[in-house]
Amino acid sequence: MKTENRRALWRILTYLRPFKKELLLAGLLLAAATVIGFLQPLVIQQITDGGMLAQNLPVLCQAVVALALLVALNQAVEMAQTRLFVNIHNQSYYTVFHQVFQKLLRLKKHILKIKTTRKFSASYRWTCPRWPPSPTAIR
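Residues numbered from 1 in each chain as written. Predicted model: local features only at pLDDT ≥ 70, side-chain atom pairs only at ≥ 80, totals over all residues. Heavy atoms only, no water.

What about the overall build of the chain?
Now for step 1: Secondary structure summary: the chain contains six helices and zero strands in total.
Now for step 2: Mapped from its N terminus to its C terminus, the chain presents α and β elements in the order α-α-α-α-α-α.
Now for step 3: In the chain, which comprises 139 residues, the proportion classed as buried is 16%.
Now for step 4: A total accessible area of about 11700 Å² is found for the chain, and carbon and sulfur atoms account for 65% of it. (Helix = DSSP H or I, 4+ residues; strand = E, 2+ residues; numbered from the N terminus. Buried < 20%, exposed > 50% of the residue type's maximum accessible area, 1.4 Å probe, protein only. Areas by Shrake-Rupley, 256 points an atom, 1.4 Å probe, with all protein chains shown as cover.)

In structure tokens form, the structure reads like this:
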């Protein structure tokens, strides 16, 4: 991995540092969804072999109820995962945009009056190594 990519990855991960608990919870939810995914075929096997082939109605009913509960539980876990990821995404984007806004507030007024991007980037010291982008990259 190139050093630029490592730096970029490290910088992205620093924005996720405040969300350690949420990411741990996301890992646990992922593990729960995986376990539920492994249990569903076993219950379907029980429905087929123990209920339908053996013509055992109580086993069939119990397995169908168990499968319905597993499906509902899996949906709840996936919804919790989605909500958790959306919250992490929104809060991290807020942090990034807040930092950009704070940096823009510190700019001097004469810099904001510059109309062209080339003059603006020449008059302000940027931390981005590839600024301004090449005209071919914009197309």
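After that view, the rundown keeps rolling.
Some thoughts on the side chain of Gln 40
Now for step 1: Looking at the element boundaries, Gln 40 is found in helix H2 (residues 20-53).
Now for step 2: Given a relative accessible area of 18%, Gln 40 falls into the buried group.

What about unusual backbone geometry?
Now for step 1: In this model, Gln 55 sits at a positive phi of 55 degrees, which is unusual for a non-glycine residue.
Now for step 2: Take Gln 55: it is sitting in the loop between H2 and helix H3 (57-105).
Now for step 3: Since its relative accessible area comes to 73%, Gln 55 is described here as exposed.

Considerations on a nonpolar patch on the surface
Now for step 1: Taken together, the side chains of Leu 9, Trp 10 and Leu 13 make up a nonpolar region of the molecular surface, amounting to roughly 320 Å² of accessible area.
Now for step 2: Here Trp 10 lies in helix H1 (residues 3-15). (Patch = residues over 30% accessible without salt bridge, like charges linked within 9 Å, V, L, I, M, F, W, Y side chains within 5 Å. Salt bridge = Lys/Arg side-chain N within 4 Å of Asp/Glu carboxyl O.)

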